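# Notes for the structure review
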Amino acid sequence: MKKFFVLSVLSAIVVLGFAGPAKADSIGTLTLTDCGGGNPGCPAATYDFDIGSTSATLTITIASGVNSGNDIISAVNLGTNGLTLTGLAVTGPTGSGVWTANQASINSSSNCTMGSGSFMCAVGSVTIADGGVYTWTFTYDASAVGSLDPNTVHIGANYDPHEGWIVSQNGTGVSTPEPASLALLGLGLLGVPFLRRKK
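Quick summary incoming for the structure in this document. Please read these numbers as outputs of a predicted model, since none were measured by experiment.

### Let's talk about the packing of aromatic side chains
Taken as a whole and assessed by the stated rule, the structure comprises one aromatic pair. Ring plane angle 85° and centroid distance 5.5 Å describe the contact between Trp99 and Trp136, whose orientation is recorded as edge-to-face. You can see Trp99 sitting in the loop between strand 5 (89-91) and strand 6 (100-103) and its partner Trp136 sitting in strand 8 (residues 133-139), a full 37 residues away along the chain. Residue Trp99 shares its accessibility class with Trp136, and that shared class is buried.

Given below as structure tokens:
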């Protein structure tokens, strides 16, 4: 019993030592049949995001409605008011070439150069198709992002070559415990059988 207790304490120290600061991921989704708010032009799609302490992903799954006027995504953004990022970088969908990151927002004529700078934004070009899945991964310094309310996370996407077909909506979602918390919970549950008192 004493040996197990010592091993549990040492394991907890190791887990906490490698865990870093405790932060929750903000995970959410948005499903639209158009550009949102009844604005036509954009294909029907689902937008999924996961914002963590050092990286974030935005995945766009196209359901239907791609045509010659909206078959290119030229920019995406993800963020919330008051978000301050340092060391921002981005990789775009596989095979889509180089994407450039900036802390700004999108509009129909000037991608990733507008707004107050509270969004992680990526500009580039990827040709899309019905049924396609496209993912952007942003990375940034760990101190930049705290726990975000996923219901305040703004999602943006610019569909070209038609100018002005833009998704600009908030997603809905949940905050999830960071892996270190889950590891400590699991470690605690492992000790439950050993709580029996010796007779």
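### Here's the deal with the pairing of strand 1 (residues 25-32)
Only one face of strand 1 is buried: it carries Ser26, Gly28, Leu30 and Leu32, and the other face, with Asp25, Ile27, Thr29 and Thr31, is open. When strand 1 meets strand 2 (residues 44-51), the two strands line up antiparallel, connected through seven bridges. Looking at strand 2, one finds that Ser26 is bridged to Ile51.

### Side note on the state of the cysteines
Cysteine pairs can be linked by a disulfide, which is a covalent bond between their two sulfur atoms. On inspection of all chains with the given rule, the structure shows two disulfides. Between the sulfur of Cys35 and that of Cys42 lies a disulfide, 2.0 Å long from S to S. Classification of the bridge connecting Cys35 and Cys42 rests on its S-S torsion, roughly 90°, and on that basis the disulfide is right-handed. Grouping residues by exposure puts Cys35 and Cys42 together as buried. Between the sulfur atoms of Cys112 and its disulfide mate Cys121 the distance is 2.1 Å. Between Cys112 and Cys121, the disulfide has an S-S torsion of -80° and is therefore left-handed. Accessibility assignment for this pair places Cys112 and Cys121 in one class, buried. For the chain, the bonded cysteines pair up as 1-2, 3-4 when numbered in the order they occur along the sequence.

### A few points about the side chain of Asp34
Following the sequence through the fold, Asp34 ends up in the loop between strand 1 and strand 2. Within polar-contact distance, the side chain of Asp34 engages the backbone nitrogen of Gly36 at 2.7 Å. Beyond its immediate sequence surroundings of up to four residues, Asp34 is in contact with Asn39, Pro40, Cys42, Pro43 and Val167.

### Structural notes on the environment of Val98
Summarising the element assignment, Val98 is placed in the loop between strand 5 and strand 6. Assessed through its relative accessible area of 71%, Val98 is described here as exposed. Through-space distance from the C-alpha of Val98 to that of Ser125 is 8.2 Å; in sequence the pair is 27 residues apart. Ignoring anything within four residues of it in the chain, the contact list for Val98 reads Val123 and Gly124.

### With respect to the sheet that holds strand 10 (residues 165-170)
Strand pairing in a sheet takes place through backbone hydrogen bonds and is either antiparallel or parallel in direction. Sheet architecture is open: five strands sit in the order 6-7-4-9-10, paired in antiparallel fashion. The two strands at the open ends of the sheet, each matched to only one other strand, are strand 6 and strand 10. Neighbour to neighbour, the strand axes of the sheet diverge by 15° on average, direction disregarded. Pairing between strand 4 (residues 72-79) and strand 7 (residues 119-127): seven bridges, direction antiparallel.

### Some words on the pairing of strand 8
Residues Tyr134, Trp136 and Phe138 point to one face of strand 8 and are all buried, whereas Val133, Thr135, Thr137 and Thr139, pointing to the other face, are not buried. Both strand 3 (residues 55-64) and strand 8 contribute to a ladder of seven bridges, which runs antiparallel. Bridge pairing links Thr57 to Thr137 in strand 8. With three bridges joining them, strand 5 and strand 8 adopt antiparallel strand pairing.

Definitions and limits used
Residues numbered from 1 in each chain as written. Predicted model: local features only at pLDDT ≥ 70, side-chain atom pairs only at ≥ 80, totals over all residues. Heavy atoms only, no water. Phe/Tyr/Trp six-rings, centres within 6.5 Å; stacked < 30°, edge-to-face > 60°. Helix = DSSP H or I, 4+ residues; strand = E, 2+ residues; numbered from the N terminus. Buried < 20%, exposed > 50% of the residue type's maximum accessible area, 1.4 Å probe, protein only. Pairing = 2+ DSSP bridges. Disulfide = S-S within 2.5 Å. Polar contact = N/O pair within 3.5 Å; in protein donor to acceptor, adjacent residues only side chain to side chain. Contact = heavy atoms within 4.5 Å. Axes fitted to C-alpha atoms, helices over the stretch in contact; angles between N-to-C directions.

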